[in-house]
Amino acid sequence: MVDDVAPAELPIGLLKRADGIYIDLGMAKPALIAAVGHVFQSGYYFTGLNYPVLIKALYDVGPELGAVEALRLAGDVRLFDAARRALYKNPKMGSGYAEYYFELLYIEETTLPDGTVIPERQTRLDIDEFVADMWNKGIHFGIDVAAVSTAIAAAKPDRITFASDLEPEPGQDATVVEVASELHRSDAPKARADGRVDLQSFENRFPQIKENMRLLKKQPAVPGLPGFDLSGRMTAPQPPKDLTLRFYAGDGTEARELEDGEYLVSTREGFLSVDAKSSRISITDKIVSTEGVSGRTTGNLELAGAYEEYGDVQEQRDVTGSDITVHGNVYGNITSRGGTVVLDRNLVSGSITNADGSISIAGVASNSVIHTGKGRITITRAENCVISGGSVKIEEASNCEIIADEIVISVAEGCAVAGRNVDIESAGPRRRTEMIIYVLVKDVAQFDQEIADLDVRLAAFDQSNQACVAEMERIAALPDVRRYLALAAKLRTQELTLTAEQGQVLRKIAGAVASDLQAINKLKLELQAGHTQHKLLSDRLARVIEQKVEAAGIARCGLHMVSGETLVRTMLFGADTTALTQLPPKDIKQRLRGTPSGGELLFAESAGSLDWHLNSRLRPAPV
């Protein structure tokens, strides 16, 4: 009977537990190799050995084992019987491999000490014994346990390669990969998000880059994995090549180390420029084009930066960007996200929209829509246009609908205008189109209602306080009360001194008018409380009036000369005039040309002038 090795006899790094032998993964690998070698060299072997776990623990080759401190390596440790050891032959060593000849084996006839004879019998090798024997013969790595087990179980002899070196796995050189699709110009039709193709736009006519856009990413060099020969000696891989990303950085770009790697990043918004010789990438300020915008040259444009065009923008062409300058005529649509839109010539049957910036048109705007979110619109002449924005200045306007906070027009004919501050040098109708001006006045009805309520409450307190005073005067005028109050006043000022007998008489008078005196004191308390409430309400009324004045802001209309029937009315609006300026063009037309509802008529004359200012301190007229 063969005894197992006791737990105390296991070297450090190997642990015997109830369910088997464990290997301590926290120890250094040379120490673990020495511990396993000690077991094999001491004439023992592991039963139920998990060979992949052994190789992973000793050489870190194989799948990850997870975050564990110790891993089950084998079922037990057992003494390697000498008779069994004799069954194992030396392997045939080659260059990076080892072969073994597996054949049928027999154990010779054996006579036991008691005389029992055990005849010759067939036997097989054991995979656990095989690993231990090969270890002692110098093969510490690379055994194909599946192939060995199959050869052991085979019915006929066979020579197999049972162990091989592991060649080093080469690493990967550092590379640069593109991370922005905008790096290449493409005149192919643009693909839409829904899968359809937009034949009106090119995929990427002008490669454009936003600020802080990641352009290139450095893929760091990946070191290779070491190899091992059959004896367990490590073979190091060739080191991979590195590169320096900043060598690719031109004007407007820089190399940055970010949380997920090193990138070449744009430092400003603009358009891509690549030096063919040095491969350096730069970002320029804006696109300058002389070809015009049409279906033949550019298609519709959607740009991230500034754009300057010396040609015309043709019908049904869209240009989207910021800081857009067109030196030719515009027959299409310009949409800017900000900056300034400058048109040196005319806008005809098109549109210009600037979300956050100004618009300047040096020529004529005709049958067009012009809108800016917060900026200023300046036009030399506008005809049949819908114009909305923060402020509008026009030299000549005819048959236009205009809505803005501030409006300044030199000559306006047949226009419908709405603004908080309107100033027109000359206004009048044009043929059959009336001239109407709306002064936008903020709706402060909630303040007016509160002011009216406070006025009613103040009037009620005034009436109550006056009633208290009248009642006090009536009681004080009673003969006995008047006599007592007069005597009491002289006694307080020491103008009169009473004898003991006179004091008794005074007390009798006081007893007679006691109820009247109590009534006077009660009325005094009520009057005091009434005055306090009146003061509080008066202060609150003053605050509400100031809040109303602040909320109402400025509303003004100045007409220097009226030449023909002109109508001026007020138009209430809610919290912000922005909601009115953001209306679609057809809604602006309906709002300004439709039948007026509400508001106050300020002017309806065919001649004269008007200088009206909102006085928000005026009390609302009683209903």
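Parameters and conventions
- Residues numbered from 1 in each chain as written.
- Predicted model: local features only at pLDDT ≥ 70, side-chain atom pairs only at ≥ 80, totals over all residues.
- Heavy atoms only, no water.
- Helix = DSSP H or I, 4+ residues; strand = E, 2+ residues; numbered from the N terminus.
- Buried < 20%, exposed > 50% of the residue type's maximum accessible area, 1.4 Å probe, protein only.
- Contact = heavy atoms within 4.5 Å.
- Salt bridge = Lys/Arg side-chain N within 4 Å of Asp/Glu carboxyl O.
- Polar contact = N/O pair within 3.5 Å; in protein donor to acceptor, adjacent residues only side chain to side chain.
- Pairing = 2+ DSSP bridges.
- Axes fitted to C-alpha atoms, helices over the stretch in contact; angles between N-to-C directions.
- Core = buried A, V, L, I, M, F, W, Y, C linked by side-chain atoms within 4.5 Å.
- Phe/Tyr/Trp six-rings, centres within 6.5 Å; stacked < 30°, edge-to-face > 60°.
- Expected span 1.5 Å × (residues − 1).
- pLDDT = per-residue confidence, 0-100.

(A) Here's a closer look at the overall build of the chain. The secondary structure content of the chain amounts to 11 helices and 41 strands. Evaluated residue by residue, the chain yields a buried proportion of 41% over its 623 residues. Residue pairs at least 24 apart in sequence account for 51% of intrachain contacts in the chain once pairs closer than 6 positions are excluded.

(B) Seen up close, the environment of Phe228. Note that Phe228 resides in strand E18 (residues 227-228). Sequence separation between Phe228 and His140 is 88 residues, and the spatial gap between their C-alpha atoms is 9.7 Å. Ignoring any residue separated from it by four or fewer positions in sequence, one finds Phe228 in contact with Tyr59, Val61, Phe141, Asp165, Leu166, Arg233, Met234 and Thr235.

(C) Structural view of the pattern of salt bridges. One pass over the full model with this rule turns up 17 salt bridges. Across the pair Glu103 and Lys89 runs a salt bridge whose closest N-O atoms are separated by 2.1 Å. Residue Glu103 is located in the loop between strand E7 (97-102) and strand E8 (105-107), and its partner Lys89 is located in the loop between helix H3 (82-85) and strand E6 (92-93); the two are separated by 14 residues in the primary sequence. Relative accessible area serves as the criterion here: at 30%, Glu103 is assigned to the partly exposed category. Owing to a relative accessible area of 41%, Lys89 belongs among the partly exposed residues under this scheme. Arg381 is paired through a salt bridge with Glu383; the nearest N and O atoms lie 3.2 Å apart. By sharing partners, the salt bridges in this structure join Lys56, Asp60 and Glu64 into a single network.

(D) Looking closely at helix H4 (residues 127-136). In terms of burial, H4 is a largely internal element, eight of the 10 residues being buried. Taken as a whole, H4 has its buried residues at Asp128, Glu129, Phe130, Val131, Ala132, Asp133, Met134 and Trp135. The N-capping residue of H4, defined by a side-chain oxygen 3.0 Å from the backbone nitrogen of Asp128, is Asp126. Just downstream of H4, Gly138 is the residue with a positive phi angle, here 100 degrees.

(E) Representation of the sheet that holds strand E4 (residues 70-74) within the structure. The strand order E1-E2-E4 describes an open sheet built from three strands, whose pairing is antiparallel. With partners counted over all chains shown, the strands left at the sheet margins are strand E1 (14-17) and E4, one partner each. When strand polarity is set aside, the average angle formed by the axes of neighbouring strands in this sheet is 40 degrees. In this structure, E1 lies alongside strand E2 (residues 20-24), joined through four bridges in antiparallel fashion. By the bridge assignment, Lys16 is partnered in E2 with Ile21. Of the strands in this sheet, E2 and E4 are in contact with helix H2 (residues 51-59), which crosses E4 at around 130 degrees.

(F) Representation of the sheet that holds strand E22 (residues 270-274) within the structure. Strand order in the open sheet made by the three strands is E16-E22-E23, with antiparallel pairing throughout. Each end of this open sheet is capped by a strand with a single partner; those strands are strand E16 (208-209) and strand E23 (281-284). Two elements, E16 and E22, share two bridges in a ladder whose sense is antiparallel. Following the sheet pairing, Gln208 is matched in E22 by Phe271.

(G) Expanded view of the nonpolar core. If you look at the biggest cluster of nonpolar residues, it comprises 51 residues, and the most contacted ones within it are Ile370, Ile387, Ile402 and Leu559. In terms of residues, this core owes the most to one element, strand E37 (residues 401-413), which gives five residues. Those residues within four positions of Ile370 in sequence are excluded, and the remaining contacts are Leu347, Ile352, Ile359, Ile361, Ala365, Ile377, Ile379, Cys385, Val386, Ile387 and Ser388. In this structure, Leu14, Ile21, Ala35 and Phe40 belong to the second largest nonpolar core, which totals 47 residues.

(H) Geometry of the packing of aromatic side chains. The full count for this structure, using the stated rule, is 13 aromatic pairs. Arranged with centres 4.8 Å apart and planes meeting at 55 degrees, the rings of Tyr100 and Phe102 form a pair that is tilted. Phe102 matches Tyr100 in its accessibility class, with the two residues each being buried. Ring geometry for Phe130 versus Phe162: centroids 5.2 Å apart, planes at 80 degrees, classification edge-to-face. Here Phe130 is found in helix H4, whereas its partner Phe162 is found in strand E12 (residues 158-164), with 32 residues between them in sequence. Accessibility expressed as a relative area gives 0% for Phe130, which makes it buried.

(I) Up close: the side chain of Glu129. Here Glu129 shows up in helix H4. Here Tyr88 takes part through its side chain, which lies 2.7 Å from a polar atom of the side chain of Glu129. Other than its neighbours up to four places away in sequence, Glu129 contacts Tyr45, Phe80, Arg84 and Tyr88.

(J) Just helix H1 (residues 29-41), in detail. Along its 13 residues, H1 runs 18 Å from first to last C-alpha, staying within 8% of the 18 Å computed at 1.5 Å per residue. The set of residues buried in H1 consists of Leu32, Ala35, Val36, Gly37, Val39 and Phe40.

(K) Just the confidence of the model for the chain, in detail. Mean pLDDT over the chain works out to 83, with 86% of the residues at or above the 70 mark. Across residues 1-8, confidence stays below pLDDT 50; counting only partners more than four residues off in sequence or on other chains, it has 10 contacts. Note that pLDDT drops below 50 for residues 186-191; the model gives that stretch 23 contacts with residues more than four away or on any other chain.

(L) Inspection of the side chain of Lys56 at higher detail. Mapped onto the secondary structure, Lys56 falls in helix H2. Its relative accessible area of 6% is what places Lys56 among the buried residues. With residues up to four places along the chain from it excluded, the contact list for Lys56 reads Lys29, Val61, Gly62, Pro63, Glu64 and Leu65.

(M) Region of interest: unusual backbone geometry. Unlike most non-glycine residues, Asp60 shows phi in positive territory, near 60 degrees. As for its placement among the helices and strands, Asp60 is situated in the loop between H2 and E4. In this structure Asp60 comes out as partly exposed when scored by relative accessible area, which is 46%. The phi torsion at Ser349 lies on the positive side, around 55 degrees, for a residue other than glycine. Mapped onto the elements, Ser349 comes out in the loop between strand E31 (347-348) and strand E32 (351-354).

(N) The arrangement of the environment of Asn136 in detail. Counting through the fold element by element, Asn136 comes out in helix H4. In this structure the C-alpha to C-alpha distance between Asn136 and Gly43, which are 93 residues apart in sequence, comes to 9.4 Å. When neighbours within four sequence positions are excluded, Asn136 is seen to be in contact with Phe40, Gln41 and Arg85. Of note is the side chain of Asn136, whose polar atom sits 3.1 Å from the backbone oxygen of Phe40.

(O) Spatial organisation of the pairing of E37. With 11 bridges joining them, strand E36 (residues 386-398) and E37 adopt parallel strand pairing. Bridging across to E37, Ser388 finds its partner in Ile403. Pairing of E37 with strand E38 (residues 416-428), which is carried by 11 bridges, proceeds in the parallel orientation. Directly across from Glu401, in E38, lies its bridge partner Ala416.

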